[in-house]
Amino acid sequence: MRLETLPVPGARLEILPVPGIGHVAEGDDLAALIATAAPWLRDGDVLVVTSKIVSKAEGRLVDVPADGPDRQAARDEILAAETVRVVATRGATRIVQTRHGFVMASAGIDASNVDKTRLVLLPEDPDASARALRAGLRDRYGVDVAVVVSDTMGRPWRNGLTDVALGVAGMDAIRDHRGEVDPYGNELVLTQMAVADELAAAGELIKGKCDQMPVAVIRGYLTAPLPGDGEGAGVLVRDSSMDLFSLGTAEAKAAGLAAAATLADRPGGTPPDPAAVDRAIATVAGVVAPGTVFTQVTDEDVRTGLVAVVAGWPAEATALVLCSPPTPVGPVQLVRFGADVQRLRTALAAQGVPSQLLPPPAHTTAAATLAL
């Protein structure tokens, strides 16, 4: 079977299957298996290899019960060991970040195309696996190819799965168009194409999920591989500082509440921007209990007696927010009031304004004051 496509005028890509790989077991020599099944490999071909056979050859399998609650318990334990951060949870689905940096369902743990009493984990280091396979084919069989180790992932906001690159050797994982000029004279300033992912997805068109075709060859994309192995697939992992969606909605809310419960209780050492304090108050105005009032005042207001509060504010406090609950005040209202004050402190922290919860004035227990 051959799938051909024309990405640009005059270019020709061929996507070729590699049949005959057969069952892969721990310790198998993938370079030998592939070279035997595809003696027609050429320099410059891109070899797309399903990560599952890489994991099997490297012994990344674990034994689990075939069924029942013990199987699920064992799977949960393995998932926890493979997870460095839970991104989102819904029902039985866990979207997590692996130690490789990949964000995917169930840390890539797979129960398909393997005995029912085993689970397959991702390769320990997919880039290293790609480099080793490339070196084996080059050194022992005299063919210089690029290697993409692929696996299937879902995508935010899109139904369906597609293969992406977990490991890359012999080619750049990203094609950087920044600085180029399009036919209309516009300079490209952001465009970076994840070509390794595109090639992984193209290979999946031939490999399929149930056809026992774990390897595909893409011919025509490269004229020659890189002299070295390149930077690998690590460049495809978005840095956390650039990740606008690092948590699911529920997880982000829980993290915010946890942060609010552990805010540092100290005022600022420099005067806060009054506009920032007003923005924080406005942020929570629509979610606090009806009748709760947050009022920004200054220490000057305190000294001139414009506000009925006790003396003795910290010298470094440069502004105050008086927090008044609705009346009448009962136990339920006080609990809600405490939560609303923490919401305000979280909103202040988001504006870069630290705060300290001060004792209420001596003449009342139904108010709180924040020193900023």
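Rules used throughout
Residues numbered from 1 in each chain as written. Predicted model: local features only at pLDDT ≥ 70, side-chain atom pairs only at ≥ 80, totals over all residues. Heavy atoms only, no water. Pairing = 2+ DSSP bridges. Helix = DSSP H or I, 4+ residues; strand = E, 2+ residues; numbered from the N terminus. Core = buried A, V, L, I, M, F, W, Y, C linked by side-chain atoms within 4.5 Å. Buried < 20%, exposed > 50% of the residue type's maximum accessible area, 1.4 Å probe, protein only. Axes fitted to C-alpha atoms, helices over the stretch in contact; angles between N-to-C directions. Contact = heavy atoms within 4.5 Å.

### A word on the pairing of strand β5 (residues 83–90)
Reasoning step 1: Pairing analysis gives six bridges linking β5 to strand β6 (residues 93–98), with the strands arranged antiparallel. Following the sheet pairing, V86 is matched in β6 by V96.
Reasoning step 2: Connecting β5 to the antiparallel partner β6 that follows it, the hairpin turn spans two residues, and G91 within it adopts a positive phi of roughly 60 degrees.

### Section: the nonpolar core
Reasoning step 1: Formed by 26 residues in total, the largest nonpolar core has its most connected members in I34, L47, V49, L133, L137 and V215.
Reasoning step 2: Sorting the residues of this core by element identifies α1 (30–37), β3 (46–50), α2 (51–57), α4 (126–141), β9 (146–155) and β13 (215–219) as the ones contributing at least two each.
Reasoning step 3: Sorting elements by how many residues they give to this core places α1 first, with five residues.

### Topic: the sheet that holds strand β16 (residues 356–358)
Reasoning step 1: Taking strand neighbours across the sheet as the criterion, the four strands line up as β14-β15-β17-β16 in an open arrangement whose pairing is antiparallel. Each edge of the open sheet carries a strand with a single partner, namely β14 (293–297) and β16. Neighbour-to-neighbour, the strand axes of this sheet turn through a mean angle of 25 degrees, independent of strand direction.
Reasoning step 2: Bridging between strand β15 (residues 320–324) and strand β17 (residues 368–371) involves four bridges; their strand directions are antiparallel. Bridge pairing links L320 to A371 in β17.
Reasoning step 3: Along the sheet face, helix α7 (residues 274–284) touches β14 and β15 and points at about 180 degrees away from the line of β14.

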